Amino acid sequence: MIFSKFFNKSNKLDKELERNLLFAPNYLIREQKVNDNTQYIFGGHSIVTIEQTKGKNIGLYFNRSRTSKSNKLNVDPKDELHLGFQTIRDQNYLILGTRKHLSKVKPGDTLSIHFKDDSEISLTLEASAEQATSNKGYACNVRALIDKKQLQFFQKKSIRDYKIKTAKEHFEGSFDKEFSRKFREVAQTYVFCLENYY
């Protein structure tokens, strides 16, 4: 295993995750029980939680990911959309979180994501589950159902740019190189956890 450079420990940035070494994104550092749920803490500073009830897995989501400070689609300067993944039972979603009450993006709008190899996926946004909005500091108010093939696109390819089409407006923008790399690693961690622990 090859390690990256050492990081100074900082409680402000840790958010309960020791930040001494940057491991590979699929390197499981530790597993811990939190109430009825199980948290998996990976290298690359990702924490994934598997939600459980009566011994059955009912959901998979990120508590923290490496892109938590940079994964924003800027629809306008006051609207920041945060990309992420979520699984509820057997359905996988790309989620778009927004700061509360600021989003112009609604269910029924479309999101097209283009990858660096010129491939593309087009997704129709839908309303998010209520549980996705209740425990976060921002509202995860839209999501898009994705199949396993689409999830593997994010795992294997780097995203390049996006287009959002609403009833009245179109928005577009690009992702910088660092975000593209980090988001692919987030997808790798997510798929790894989904396939091996969920």
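Our subject in this report is the structure included herewith. (Residues numbered from 1 in each chain as written. Predicted model: local features only at pLDDT ≥ 70, side-chain atom pairs only at ≥ 80, totals over all residues. Heavy atoms only, no water.)

Describing the overall build of the protein chain
So, point 1. Helices and strands together make up the secondary structure of the protein chain, namely 4 helices and 13 strands.
So, point 2. Within the protein chain, the proportion of its 198 residues that are buried is 47%.
So, point 3. Long-range contacts, defined as pairs at least 24 residues apart, comprise 51% of the intrachain contacts of the protein chain with a sequence gap of at least 6.
So, point 4. As presented, the protein chain carries roughly 11,200 Å² of accessible surface, and 46% of it is formed by carbon and sulfur atoms. (Helix = DSSP H or I, 4+ residues; strand = E, 2+ residues; numbered from the N terminus. Buried < 20%, exposed > 50% of the residue type's maximum accessible area, 1.4 Å probe, protein only. Contact = heavy atoms within 4.5 Å. Areas by Shrake-Rupley, 256 points an atom, 1.4 Å probe, with all protein chains shown as cover.)

Overview of the packing of aromatic side chains
Aromatic rings in a pair are described by how distant their centres are and how their planes are angled relative to each other.
So, point 1. Applying the stated criterion across every chain yields a total of 13 aromatic pairs.
So, point 2. Geometrically, the ring pair formed by Phe85 and Phe154 is edge-to-face, given 5.6 Å between the ring centres and 70 degrees between the ring planes. Residue Phe85 is located in strand 6 (residues 79-88), and its partner Phe154 is located in helix 3 (residues 148-156); the two are separated by 69 residues in the primary sequence. For the residue pair Phe85 and Phe154, the accessibility class agrees, reading buried in each case. (Phe/Tyr/Trp six-rings, centres within 6.5 Å; stacked < 30°, edge-to-face > 60°.)

Quick look at the pattern of salt bridges
So, point 1. Within the structure shown, the criterion is met by 6 salt bridges.
So, point 2. Between Asp161 and Arg160 there is a salt bridge, and its shortest N-O distance comes to 3.0 Å.
So, point 3. By relative accessible area, which is 19% here, Asp161 ends up buried.
So, point 4. The residue Glu185 makes a salt bridge to Arg181 at a minimum N-O spacing of 3.7 Å. With a gap of 4 residues between them, Glu185 and Arg181 both fall in helix 4 (residues 177-196), about one helical turn apart.
So, point 5. On the basis of relative accessibility, which here comes to 36%, the residue Arg181 falls in the partly exposed class.
So, point 6. Put simply, Asp118, Arg160 and Asp161 are held in one network by salt bridges that share partners. (Salt bridge = Lys/Arg side-chain N within 4 Å of Asp/Glu carboxyl O.)

What about the packing of helix 3 against helix 4?
So, point 1. Look at helix 3 against helix 4: their axes get within 7 Å of each other, and the N-to-C directions meet at 130 degrees. Taken together, the axes of helix 3 and helix 4 lie oblique to each other. Along its contact with helix 3, which presents Leu151, Phe154, Gln155 and Lys156, the element helix 4 presents Phe183, Arg184, Ala187, Gln188, Val191 and Leu194. (Axes fitted to C-alpha atoms, helices over the stretch in contact; angles between N-to-C directions. Parallel < 35°, antiparallel > 145°, perpendicular 65-115°, else oblique.)

Observations concerning the environment of Lys56
So, point 1. If you trace the backbone, Lys56 turns up in strand 4 (residues 56-64).
So, point 2. Overall, the relative accessible area of 61% leaves Lys56 in the exposed class.
So, point 3. For the pair Lys56 and Asn37, spaced 19 residues apart in the sequence, the C-alpha separation amounts to 9.9 Å.

Considerations on the sheet that holds strand 13 (residues 170-174)
Hydrogen bonds between backbone groups are what pair the strands of a sheet, and the pairing can be parallel or antiparallel.
So, point 1. Sheet architecture is open: 4 strands sit in the order 9-8-12-13, paired in antiparallel fashion. The outermost strands of the open sheet, each flanked by one partner alone, are strand 9 (120-124) and strand 13. Strand after strand, the sheet turns through a mean of 15 degrees between neighbouring axes, direction not considered.
So, point 2. With 5 bridges joining them, strand 8 (residues 110-115) and strand 9 adopt antiparallel strand pairing. By the bridge assignment, Ser112 is partnered in strand 9 with Ser122.
So, point 3. Lying on the sheet, helix 3 is in contact with strand 8, strand 9 and strand 12 (159-165); it crosses strand 9 at an angle near 130 degrees. (Pairing = 2+ DSSP bridges.)

A look at unusual backbone geometry
So, point 1. One non-glycine residue, Asn35, lies in positive phi territory at about 55 degrees.
So, point 2. Among the structural elements, Asn35 can be located in the loop between strand 1 (28-34) and strand 2 (37-42).
So, point 3. Residue class for Asn35 comes out exposed when judged on its relative accessible area of 73%.
So, point 4. Of note, the phi angle at Asp118 is positive, near 75 degrees, even though the residue is not glycine.
So, point 5. Tracing the chain through its elements places Asp118 in the loop between strand 8 and strand 9.

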